[in-house]
Amino acid sequence: MNAPRAASVAIENVSKRFAGGPEVLAGVSLTGRPGDFVALIGPSGCGKTTLLRLLAGLTLPSAGAVTIDGVIPAEARERLAFIFQEPTLLPWLTARQNVELPLRLRGAAAEARQTRALELLRLVGLEGAAAQFPRQLSGGMKMRVSLARALTRQPGLLLLDEPFGALDELTRNRLNEDLLRLREESPFTAFFVTHSVSEAVFLSNRVIVLAANPGRVAAEIMVPFPYPRRAELRESLDYQKLVAHANAALRTYQTA
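Given the structure is predicted, the values throughout are model-derived calculations rather than measurements.

Trainee: I keep staring at the nonpolar core and nothing clicks. Help me out?
Mentor: Nonpolar side chains in soluble globular proteins tend to end up buried together. Val145, Leu158, Leu179, Val201 and Val207 are the most contacted members of the largest nonpolar core, which totals 52 residues. Filtering out sequence-adjacent residues up to four positions away, Leu179 remains in contact with Phe37, Leu147, Leu158, Leu160, Phe164, Phe188, Phe192 and Leu203.

In structure tokens form, the structure reads like this:
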């Protein structure tokens, strides 16, 4: 299966207000070039998840425009996948069946979808767990299944809402490395919400710092480290300095 082109994203002067309440986002403008990995960090309530939902077409902007490859998200849903904070696996399906579910819903032939599911489980190190049910998997394993399922259709845009936040540091680091390795296999554009600054720097080529009340872009930090990235990057002085810089930027806008 040939991988599709990574998507381009444009968020243009977007504001969002829910049911007459205060503005959640105000005048946000961001772009995502094909292949960008954009990390979103900021204090709670700054609208990080709302931005992902706007990109997914799950909610509409109150003002401004959101486009993916030049069309509104509702017209680009076949081009994107969303990974939530929880794995959201169906408990009555095995790991393999959960991964192949998107293809099954699209009417793919049984042999083709099973082959693709096993291929992705192998890439996330779970080929041996294909026949296990979610109750038999650890938290990290469940998230690997969720990641494999999201990539089944080889999306051009991957949206990730703090998917590794509930995991221990070692498991989170391993999944960060898995995610980048999967990106090498099938390139995509990514928007990734996280509360971990070190994770944001490790994964992304751009870190966007959002301020709250209302949510707005406060700073953009370019990450110069080339891909592919390996675990050893975390030990480098340049990486640690950039994490410290991003932490300082986040503190500046924590209550701004």
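From this point, the discussion proceeds with the structure in view.
Trainee: So what exactly am I meant to see when it comes to the sheet that holds strand E4 (residues 63-68) here?
Mentor: In any sheet, the strands associate via hydrogen bonds between backbone groups, in a parallel or an antiparallel arrangement. A sheet is described by the order of its strands in space; here three strands give the open sequence E2-E1-E4, paired in antiparallel fashion. Taken across any chain shown, the strands that pair with only one partner, and hence form the sheet edges, are strand E2 (23-32) and E4. Adjacent strand axes in the sheet meet at a mean angle of 20 degrees, parallel and antiparallel pairs treated alike. Pairing between strand E1 (residues 9-17) and E2: six bridges, direction antiparallel. Residue pairing in the sheet places Lys16 in a bridge with Leu25 of E2.

Trainee: How should I be thinking about the packing of aromatic side chains in this particular structure?
Mentor: Between two aromatic rings, the relevant description is the distance of the centres plus the angle of the planes. What the rule picks out here adds up to four aromatic pairs. Ring geometry for Phe37 and Phe192: centres 6.0 Å apart, planes at 45 degrees, overall tilted. With Phe37 in strand E3 (residues 37-41) and Phe192 in strand E7 (residues 189-193), this pair connects stretches of sequence that are 155 residues apart. Take Phe37 and Phe192: they sit in the same class, and that class is buried. With a centroid separation of 4.3 Å and 10 degrees between ring planes, the pair formed by Phe82 and Phe84 is classed as stacked. Judged by relative accessible area, which is 17%, Phe82 ranks as buried. Relative accessible area serves as the criterion here: at 36%, Phe84 is assigned to the partly exposed category. Ring-pair connections join several aromatic residues into one group, and the members of that group are Phe37, Phe164 and Phe192.

Trainee: What is the right way to look at the sheet that holds E7 in this model?
Mentor: Spatial ordering of the open sheet is given by E5-E6-E7-E3-E8-E9, a layout of six strands whose pairing is mixed. What marks the edges here is a single partner per strand, and that holds for strand E5 (80-83) and strand E9 (216-222). For this sheet, the mean angle separating the axes of adjacent strands, direction not counted, is 15 degrees. In this structure, strand E8 (residues 206-211) lies alongside E9, joined through six bridges in antiparallel fashion. Directly across from Arg206, in E9, lies its bridge partner Met222. Lying on the sheet, helix H4 (residues 139-150) is in contact with E5 and strand E6 (157-161); it crosses E5 at an angle near 170 degrees. Lying on the sheet, helix H7 (residues 237-252) is in contact with E3, E8 and E9; it crosses E9 at an angle near 170 degrees.

Thresholds applied
- Note on numbering: residues in each chain are counted from 1, in written sequence order.
- Only residues with pLDDT of 70 or above have their local features reported here, since the model is predicted, and side-chain atom pairs are shown and tallied only from 80 upward, although totals for entire chains, interfaces and linings are computed over all residues.
- Note: side-chain values were computed over all heavy atoms of the structure, leaving out hydrogens and water.
- For our purposes a nonpolar core is just a set of buried Ala, Val, Leu, Ile, Met, Phe, Trp, Tyr and Cys residues, chained together by side-chain atoms within 4.5 Å.
- Think of it in three bands: with a 1.4 Å probe and only protein chains considered, a residue is buried below 20% of the maximum accessible area for its type, exposed above 50%, and partly exposed in between.
- Here, residues are in contact when the closest pair of their heavy atoms is within 4.5 Å.
- Following DSSP output, two strands are said to pair if at least two bridges run between them.
- A helix here means a DSSP run of H or I that spans at least four residues, while a strand means a run of E at least two residues long, and both kinds are numbered starting from the N terminus.
- Angles shown run from 0 to 180 degrees and are taken between the N-to-C directions of axes, each axis being a line fitted to C-alpha atoms and, for helices, limited to the stretch in contact.
- Think of it this way: a Phe, Tyr or Trp ring, Trp meaning its six-membered ring, pairs with another when their centres are within 6.5 Å, and the plane angle makes it stacked under 30 degrees, edge-to-face over 60, tilted otherwise.

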